[in-house]
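# Descriptive analysis of the structure
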Amino acid sequence: DKYKTYSKFSKYYRRDAISIEKKSDYDSFVAFVKKHPIFVKKNVALSKGDSVELVNMEICEESTRQIFDEMLSAGKYMVEERVVQSAAMSKLNPSSVNTIRCMTFRIKNGVEVGPCFLKVGRGDSFVDNGGKGGILIGIDRETGVLNTVGYDEFLNTYVNHPDTKLEFIGYQLPEWEQMKELAVKMSMTMPTVGYIGWDLAHTDNGWVVIEGNGGGQFIGPQIV
C-alpha cells in the first residue's frame, strides 16, 4: 500500500500527500488541490507505473469533483505534491522524474545495499518505469557512476539516451553515498522485512523517497 508506506516514511518523502478512499475525503482533496494545483495521483496497489499521472489543474479540462469521483470509483488512491528533480537528474531526461532503484537486504548484523539501477523516461512521458517504455541503466554500487548502456524491457540497447543524447556510461549520479545511507537508515526501521526495493529521486535539497517496494522484482538488475 503506497499510502501506508508514505505514512510511515513521510519525513523522507519530504512532500505532502493524502489518501482518497471514501466520499468524506473530498474536502481534504479540495484543500490539497488548492495548495498544490500541480500534483501526482496514483492507485496505491498498482505497479509498473500503472495509474501514475501528473495533473495540472490550471489546464485540466476535468473539474476537481470529476477527478475525485474517478479516483474513488477506481479503488484507493493517493495524491501527492510533485517532485522537482535536480538539474543533474533532469539532464538525463527532463519530462520524467528519473529514479534510482536501490535494493536493501537485512543481514545478520544490519542492512546491506544490494543491486542498484537507474530508471529514465523517454519522450514526453512523466514516468520512468521500464513497463512504460523507460530505459534501465546499471550503476557501480560503490561510486554511483553509470556502468552499462541503457536497456529497455525488449532488450533494445542505448549507448545514448534517444532523446537527450546523453551518453550513459561514465555519468556520475549526485550525492551517491547519501542515497545509500538513506536507504539503509529507512530499512533499519523495518527489522521484520528482509528485502525492500526503494525508488529514490534527487532534488536540489537531496534525495527523497518516491516509494518503497516490498515485492520489487529482480528483472531490472538482471537486465542491466
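Presented here is an overview of the structure given in this document. What you see is a predicted model, and the numbers here were worked out from it, not measured in a lab.

### Quick word on the sheet that holds strand E3 (residues 53–56)
With antiparallel pairing, the 4 strands of this open sheet are ordered in space as E1-E4-E2-E3. Sheet topology places strand E1 (17–20) and E3 at the edges, where each strand pairs with a single neighbour. For this sheet, the mean inter-axis angle between neighbouring strands, taken without regard to orientation, is 25°. Relative to strand E4 (residues 77–81), E1 is paired through 4 bridges, and the arrangement is antiparallel. Note that in E4 the partner of Ile-18 across the bridge is Val-79. Helix H2 (residues 26–35) contacts E1, strand E2 (38–43) and E4 of the sheet and is inclined by roughly 145° relative to E1.

### So, the sheet that holds strand E11 (residues 206–213)
Strand order in the open sheet made by the 7 strands is E9-E8-E7-E6-E5-E10-E11, with antiparallel pairing throughout. Every interior strand has two partners, whereas the edge strands, strand E9 (157–158) and E11, have only one. Sheet topology places strand E6 (residues 110–120) next to strand E7 (residues 135–139); 4 bridges connect them, and they run antiparallel. Within the sheet, the bridge partner assigned to Leu-118 lies in E7 and is Ile-137. Each of strand E5 (99–107), E6, E7, strand E10 (195–203) and E11 is contacted by helix H5 (residues 176–188), which is oriented at about 45° to E5, the strand it contacts most.

### Looking at empty space enclosed by the protein
Rolling a probe over the atoms, with the probe sized like a water molecule, indicates the empty space that remains. In the structure shown here, the tally under the stated rule is 1 cavity of 30 Å³ or more. The computed volume of the largest cavity comes to approximately 40 Å³. Thr-104, Phe-105, Arg-106, Val-111, Ser-187, Val-193, Gly-194, Tyr-195 and Ile-196 are the residues that line the largest cavity. Of all the elements in the fold, those that place two or more residues in the lining of the largest cavity are E5 and E10. Element by element, the count of residues in the lining of the largest cavity is highest for E5, at 3 residues.

### A word on the side chain of Lys-119
Its place among the elements puts Lys-119 in strand E6. Lys-119 sits in the buried class, given a relative accessible area of 6%. Polar side-chain contacts of Lys-119 include one of 3.2 Å to the side chain of Asp-199. With near-sequence residues (within four places) excluded, Lys-119 lies in contact with Asn-98, Thr-99, Arg-101, Asp-128, Asn-129, Ile-135, Leu-136 and Asp-199.

### Examining the layout of surface pockets
If you add up the space inside the largest pocket, you get close to 770 Å³. Lining of the largest pocket is provided by 37 residues; of these, Lys-48, Gly-49, Arg-101, Lys-119 and Asn-129 occupy positions nearest its centre. Looking at the lining of the largest pocket, the elements with two or more residues in it are E2, E4, E5, E6, E11 and helix H6 (219–223). In terms of residue count, E11 provides more of the lining of the largest pocket than any other element does, 3 residues in total. Of the residues belonging to the lining of the largest pocket, the class tally is 11 nonpolar, 12 polar and 14 charged. By volume, the second largest pocket is sized at about 180 Å³. If you trace the second largest pocket, you find it lined by Tyr-13, Arg-14, Arg-15, Glu-81, Arg-82, Val-83, Val-84, Thr-203, Asp-204, Asn-205 and Val-208.

### Description of the pairing of E11
Along E11, 8 of the 8 residues are buried, which leaves the element largely enclosed by surrounding structure. Of the strand pairs in this sheet, E10 and E11 are connected by 7 bridges, and their pairing is antiparallel. The residue bridging Trp-198 from the neighbouring strand is Gly-212, located in E11. Taking the residues that link successive antiparallel strands as the turn, the E10-E11 hairpin has 2 residues.

### So, H2
For H2, every residue scored as buried is listed here: Tyr-26, Phe-29, Phe-32 and Val-33. Projected down its long axis, H2 shows its buried positions confined to an angular sector of 120°, all on one face. Exposed positions of H2 whose direction lies more than 90 degrees from the buried face are Asp-27, Lys-34 and Lys-35.

Quick notes on the rules
- Residues numbered from 1 in each chain as written.
- Predicted model: local features only at pLDDT ≥ 70, side-chain atom pairs only at ≥ 80, totals over all residues.
- Heavy atoms only, no water.
- Pairing = 2+ DSSP bridges.
- Helix = DSSP H or I, 4+ residues; strand = E, 2+ residues; numbered from the N terminus.
- Axes fitted to C-alpha atoms, helices over the stretch in contact; angles between N-to-C directions.
- Contact = heavy atoms within 4.5 Å.
- 1 Å grid on protein atoms, 1.4 Å probe; cavity = no way out; pocket = protein on both sides within 12 Å on 5 of 7 lines; lining within 4 Å.
- Points joined across faces, edges and corners; volume = space filled by probe spheres on them.
- Buried < 20%, exposed > 50% of the residue type's maximum accessible area, 1.4 Å probe, protein only.
- Polar contact = N/O pair within 3.5 Å; in protein donor to acceptor, adjacent residues only side chain to side chain.
- Nonpolar A, V, L, I, M, F, W, Y, C, P; charged D, E, K, R; others polar.
- Arc of directions from axis to C-beta.

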